[in-house]
Amino acid sequence: MKDSKGFILFDAAVLNDSTKLSTIQGYELYKNVKEQIIASDFTILGYIYWNVQYITRQYELNNLCIERRASELSEKEPEKAELFKSFLDYQKQKHQLFSKDVSCITWLLKTN
């Protein structure tokens, strides 16, 4: 959403252009996102990449919490144990993705 001063901070998770993957549900290639920003009549004033080690560490901590809670819930509701395990597996796959093929970027944009 544009603010009244004509600037916007835009956070996005994008596929690295160097990845061998062309699509992953929910993520676009960096170059495609950049082209969409420019086509939307914004000027890119600057951008920063988020620290990969920080993001990786956050995922590791989150996964530990999820694993602990999934174990607790599986004991309470054994019939849903597979659901909890599936969610944890999904989170671990996402962690792998962010450590290799996806970058988090914040852009400073100006309206034209």
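Details of the structure are given in the entry above.
An account of the accompanying structure is given in this report. Within each chain, residues carry numbers counting from 1 in the order of the written sequence. Thresholds applied to this predicted model are a pLDDT of at least 70 for local features of residues and 80 or more for the giving and counting of side-chain atom pairs; totals over whole chains, interfaces and linings are not thresholded and use all residues. Each side-chain value is worked out from all heavy atoms of the structure, with water and hydrogens disregarded.

1. Some points on helix H1 (residues 30-39)
Here comes step 1: Exposure categories follow from relative accessible area, calculated using a 1.4 Å probe and restricted to protein chains: below 20% of the type maximum is buried, above 50% is exposed, and the middle band is partly exposed. Each helix is a run of H or I in the DSSP string that is no shorter than four residues. Each strand is a run of E no shorter than two, and both are numbered from the N terminus. Listed as buried for H1 are Tyr30, Val33 and Ile37. Taken end-on, H1 shows its buried residues confined to a sector of 65°, consistent with a single buried face. H1 presents Glu35, Ile38 and Ala39 as exposed residues on the side facing more than 90 degrees away from its buried surface.
Here comes step 2: Two residues qualify as a contact provided that any one of their heavy atoms is within 4.5 Å of a heavy atom in the partner residue. For H1, the elements touching its buried residues are strand E1 (7-15), strand E2 (28-29), strand E3 (42-49) and strand E4 (102-111). The directions from the helix axis to the C-beta atoms form the arc being described.

2. Notes on helix H3 (residues 81-100)
Here comes step 1: Helix length check: H3 (20 residues) gives 29 Å between terminal C-alpha atoms against 28 Å at 1.5 Å per residue, within 8%.
Here comes step 2: Looking at the buried side of H3, the elements it contacts are E1, helix H2 (52-76) and E4. Helix span, as expected, comes to 1.5 Å for every residue beyond the first.

3. Focus on the side chain of Asn63
Here comes step 1: By the secondary structure assignment, Asn63 is in helix H2.
Here comes step 2: With relative accessibility at 7%, the residue Asn63 sits in the buried group.
Here comes step 3: Dropping the residues within four chain positions of it, Asn63 is found in contact with Leu88, Gln91, Lys92 and His95.

4. With respect to the packing of aromatic side chains
Here comes step 1: Side-chain rings of Phe, Tyr and Trp (the six-membered ring for Trp) are treated as a pair once their centres are within 6.5 Å; stacked means planes under 30 degrees apart, edge-to-face means over 60, and tilted covers the remaining angles. In this structure the tally under the stated criterion is six aromatic pairs.
Here comes step 2: Considering the side-chain rings of Phe10 and Trp107, the 5.7 Å spacing of their centres and the 20° angle between planes classify their relative orientation as stacked. Of the two residues, Phe10 is situated in strand E1 and Trp107 in strand E4; the sequence distance between them amounts to 97 residues.
Here comes step 3: By relative accessible area, Trp107 is classed as buried at 0%.

5. Quick look at the sheet that holds E4
Here comes step 1: Strands sit in the order E2-E1-E4-E3 across an open sheet of four strands; the sheet is mixed. Of all the strands in the sheet, the pair left with one neighbour each is E2 and E3.
Here comes step 2: Any two strands are treated as partners once DSSP identifies two or more bridges connecting them. As paired strands, E3 and E4 are joined by seven bridges and run antiparallel to one another. Following the sheet pairing, Gly46 is matched in E4 by Leu108.

6. Focus on a nonpolar patch on the surface
Here comes step 1: Excluding any residue in a salt bridge, patches collect residues exceeding 30% relative accessible area, merging like charges within 9 Å and nonpolar Val, Leu, Ile, Met, Phe, Trp and Tyr side chains within 5 Å. The Shrake-Rupley method, run with a 1.4 Å probe, gives the accessible areas here. Residue values count only the displayed protein chains as cover. Take a side-chain nitrogen of Lys or Arg and a carboxyl oxygen of Asp or Glu: if they are within 4 Å of each other, that pair is a salt bridge. Together, Phe7, Leu9, Leu45 and Leu108 make up a nonpolar patch on the protein surface, roughly 370 Å² of accessible area in all.
Here comes step 2: Mapping Phe7 onto the fold places it in strand E1.

7. Focus on the packing of H2 against H3
Here comes step 1: In this analysis an axis means a line fitted to C-alpha atoms, helices contributing only their contacting stretch, and an angle means the value between N-to-C directions, from 0 to 180 degrees. H3 packs onto H2 with a crossing angle of 175° between their chain directions and a minimal axis gap of 9 Å. In terms of orientation, H2 lies roughly antiparallel with respect to H3. Across from Ile55, Thr56, Tyr59, Glu60, Asn63, Ile66, Glu67, Ala70, Leu73 and Ser74 in H2, the residues of H3 making contact are Ala81, Phe84, Phe87, Leu88, Gln91, Lys92, Lys94, His95, Phe98 and Ser99.
Here comes step 2: For this scheme, ten residues count as nonpolar: Ala, Val, Leu, Ile, Met, Phe, Trp, Tyr, Cys and Pro. Four count as charged, namely Asp, Glu, Lys and Arg, and the remainder, Gly too, count as polar. Residues of the contact of H2 with H3, tallied by class, amount to ten nonpolar, six polar and four charged. Any angle that is under 35 degrees is reported as roughly parallel, and any over 145 degrees as roughly antiparallel; angles of 65 to 115 degrees are reported as roughly perpendicular and all others as oblique.

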